[in-house]
Amino acid sequence: MTARYKAVIYDCDGVILDSIESNYIFYNRIMAGLGRPEIDRLCTESERVLHTFSYLDVIEHFFGRDPRKEEAIAIGKTIRYKELMPYMRREEGLVETLSALKGKVELAICTNRAASMEMIIEDFGLEGFFGCIMTAAKVQNPKPHPEPLLKVLQHYGIAPQEALFVGDSRVDMQAAAAAGVPFIAYKSDLPALAVIERHEQLLEHVFG
């Protein structure tokens, strides 16, 4: 089969991993360390921020001008990824889809995570799939800024229309639009080139 695109770029949280529970646990540990109440799980805005923002942007959202903001950042740095791993799970059908794409298109990750992607790749059996992993730590401006996606395109030497970006959030959609990369919405009703509920459905858009 001949691919219609040269690269498929994946967001991490909500696309590769179901990780919202681990995010609540992480940031609630910061709140506990400061003697603050837990984040309200019924607040859709808080859920959106936890699910899509980079670490420093989440801290900025919850603490802003709070004089203890730096203390919150310091507490976050003491929390180890391995403690949160049991609260994450790999999305079904991901590995099978990556296996079908490997060798036919370039594969990349574009995430607002900063320091845990290498461990995630190893712990969730994703070694050997992704030739470029762009994290918030590697850019000046994380998503929704287009810089991370543009750096992936630059890595592969391809034009925006030669890639697909698979994401699940408005932050992903905005980054894709700003970079000119066609957007595939995963388990989301966001405006997109296509909406998919299962990873395998991506194949019809790449090879169809």
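Here, the structure is the one placed above.
Residues numbered from 1 in each chain as written. Predicted model: local features only at pLDDT ≥ 70, side-chain atom pairs only at ≥ 80, totals over all residues. Heavy atoms only, no water.

Participant: Tell me what's going on with the sheet that holds strand S4 (residues 106–110), and back it up with residues and numbers.
Facilitator: Judged by pairing direction, the sheet is parallel, and its six strands sit side by side in the order S5-S4-S1-S6-S7-S8 without closing on themselves. With partners counted over all chains shown, the strands left at the sheet margins are strand S5 (132–134) and strand S8 (194–196), one partner each. On average, each strand axis in the sheet is inclined to that of its neighbour by 20°, with strand direction left out of account. Of the pairings in the sheet, the one linking strand S6 (residues 163–167) to strand S7 (residues 183–186) comprises three bridges and is parallel in character. If you follow Val166 over to S7, its bridge partner there is Ile184. Across the face of the sheet, helix H6 (residues 94–101) comes into contact with strand S1 (7–10) and S4 while running at roughly 155° to S1. Against the sheet, helix H8 (residues 147–156) contacts S1, S4, S5 and S6, and its axis sits at roughly 155° relative to S4. (Pairing = 2+ DSSP bridges. Helix = DSSP H or I, 4+ residues; strand = E, 2+ residues; numbered from the N terminus. Axes fitted to C-alpha atoms, helices over the stretch in contact; angles between N-to-C directions. Contact = heavy atoms within 4.5 Å.)

Participant: Got a sec to walk through the packing of aromatic side chains? Specific residues and values, please.
Facilitator: Here the structure, examined in full by the defined rule, presents five aromatic pairs. Between the aromatic rings of Phe26 and Tyr27, the centroid separation amounts to 4.8 Å while the plane-to-plane angle is 80°, which identifies the pairing as edge-to-face. Like Phe26, the residue Tyr27 is buried in the burial classification. Seen from their ring centres, Phe26 and Tyr55 are 5.9 Å apart, and the 80° between their planes marks the pair as edge-to-face. Of this pair, Phe26 sits in helix H1 (residues 20–33) while Tyr55 sits in helix H3 (residues 55–63), and the two are 29 residues apart along the sequence. Exposure remark for Phe26: the relative accessible area of 13% places this residue in the buried category. Put simply, the rings of Phe26, Tyr27 and Tyr55 pair up and form one aromatic cluster. Arg41 extends its terminal NZ or CZ atom over the ring of Tyr24, reaching a point 4.4 Å from the ring centre. One Lys or Arg, Lys102, reaches over the ring of Phe129 and ends 5.6 Å from the middle of that ring. (Phe/Tyr/Trp six-rings, centres within 6.5 Å; stacked < 30°, edge-to-face > 60°. Buried < 20%, exposed > 50% of the residue type's maximum accessible area, 1.4 Å probe, protein only. Lys NZ or Arg CZ within 6 Å of the ring centre and 35° of its normal.)

Participant: An account of the environment of Val95 is needed here, citing residue identities and associated values.
Facilitator: Secondary-structure assignment places Val95 in helix H6. Separated by 50 residues in sequence, Val95 and His145 have C-alpha atoms that sit 28 Å apart. Setting aside residues up to four positions removed in sequence, Val95 forms contacts with Arg90, Gly125, Leu126 and Phe129.

Participant: Go over the pattern of salt bridges, please, and point to the residues and values.
Facilitator: Note on pairing: side chains with opposite charge can pair once their charged atoms come close. All told, the structure shown has 14 salt bridges when counted by the stated rule. Taking the shortest distance from any N to any O, the salt bridge between Lys143 and Asp11 comes out at 2.9 Å. Here Lys143, found in the loop between S5 and H8, pairs with Asp11, found in the loop between S1 and strand S2 (17–18); they are 132 residues apart in sequence, far enough to count as distant. The same class applies to Lys143 as to Asp11, namely buried. Members of the salt-bridge network, linked through shared partners, are Asp11, Lys143 and Asp172. (Salt bridge = Lys/Arg side-chain N within 4 Å of Asp/Glu carboxyl O.)

Participant: Lay out the nonpolar core with the relevant residues and their values.
Facilitator: Grouped together as the largest cluster of nonpolar side chains are 52 residues, with contacts concentrated most on Tyr10, Ile30, Leu126, Phe130 and Leu202. In terms of residue count, the dominant contributor to this core is H1 (seven residues). When residues no more than four places from it in sequence are discounted, the contact partners of Ile30 are Tyr55, Ile59, Phe63, Ala72, Ile75, Gly76 and Ile79. Counting 22 residues, the second largest nonpolar core, distinct from the first, contains Ala163, Phe183, Ala185 and Leu190. (Core = buried A, V, L, I, M, F, W, Y, C linked by side-chain atoms within 4.5 Å.)

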